[in-house]
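The primary structure of each chain is shown beneath.
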Amino acid sequence: KCQSNCVNQDFTQASIKAPVASFFSLLALPVLFKKQLKDEEAEEGAAVKFQCELTKDNATVEWRKGTMELFPCAKYEIKLRGRTAELVIHNVEPEDA
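Here the structure is a predicted model, which means the values were calculated and not measured. (Residues numbered from 1 in each chain as written. Predicted model: local features only at pLDDT ≥ 70, side-chain atom pairs only at ≥ 80, totals over all residues. Heavy atoms only, no water.)

Further remarks concern the confidence of the model for the protein. Here the protein shows a mean pLDDT of 79. Residues at 70 or above account for 73%. Here strand E1 (residues 2-7) stands out as the least confident element of the protein, with mean pLDDT 39; strand E7 (residues 76-81) is the most confident, with 95. (pLDDT = per-residue confidence, 0-100. Helix = DSSP H or I, 4+ residues; strand = E, 2+ residues; numbered from the N terminus.)

Within a regular beta strand, the side chains point alternately toward one face of the sheet and then the other, so they alternate between its two faces. Of the two faces of strand E4 (residues 48-54), only the one carrying Val 48, Phe 50, Cys 52 and Leu 54 is buried; Lys 49, Gln 51 and Glu 53 on the other face are not. Of the strand pairs in this sheet, strand E3 (residues 33-35) and E4 are connected by two bridges, and their pairing is antiparallel. Paired with Phe 33 across the bridge in E4 is Leu 54. As paired strands, E4 and strand E8 (residues 84-89) are joined by six bridges and run antiparallel to one another. Looking at E8, one finds that Lys 49 is bridged to Val 88. (Buried < 20%, exposed > 50% of the residue type's maximum accessible area, 1.4 Å probe, protein only. Pairing = 2+ DSSP bridges.)

Val 48, Phe 50, Cys 52, Leu 54, Ala 59, Trp 63, Leu 70, Tyr 76, Ala 85, Leu 87, Ile 89 and Val 92 form the largest nonpolar core, which has 12 residues in total. Among the elements of the structure, E4 and E8 are those that each provide at least two residues to this core. In terms of residue count, E4 provides more of this core than any other element does, four residues in total. (Core = buried A, V, L, I, M, F, W, Y, C linked by side-chain atoms within 4.5 Å.)

The next subject is the sheet that holds E8. If you trace the four strands from one edge of the open sheet to the other, you get E3-E4-E8-E7, paired in antiparallel fashion. Two strands close off the open sheet at either side, each with one partner strand: E3 and E7. Here the average twist between neighbouring strands, direction ignored, is 30°. (Axes fitted to C-alpha atoms, helices over the stretch in contact; angles between N-to-C directions.)

This is how it looks when you write it as structure tokens:
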């Protein structure tokens with residue numbers, strides 16, 4: 001048996017063990033934005049919604065404000081439906097900008 005490793009330009013790595021007679025490599029395509037986020041405005045106390053469309057279904061999405069990762073709670077509603085990722089910020093305050 002031999003071990004084969006392959007790495008594409010996006011540092012996605014796959015490692016397999018296969019008999020000498022066969023070889024298989026997997027290069028995963030990166031997830032990209034198909035539709036970018038847009039700036040939104042909201043009045044204090046209202047809710048604001050951000051949406052983006054990705055090139056892959058059900059990709060792993062992280063929402064951040066600066067370096068802080070946002071998680072679902074009463075303030076932040078996070079949804080992922082197929083290729084559409086959505087963040088709703090409830091009760092918007094000046095600090096949310």
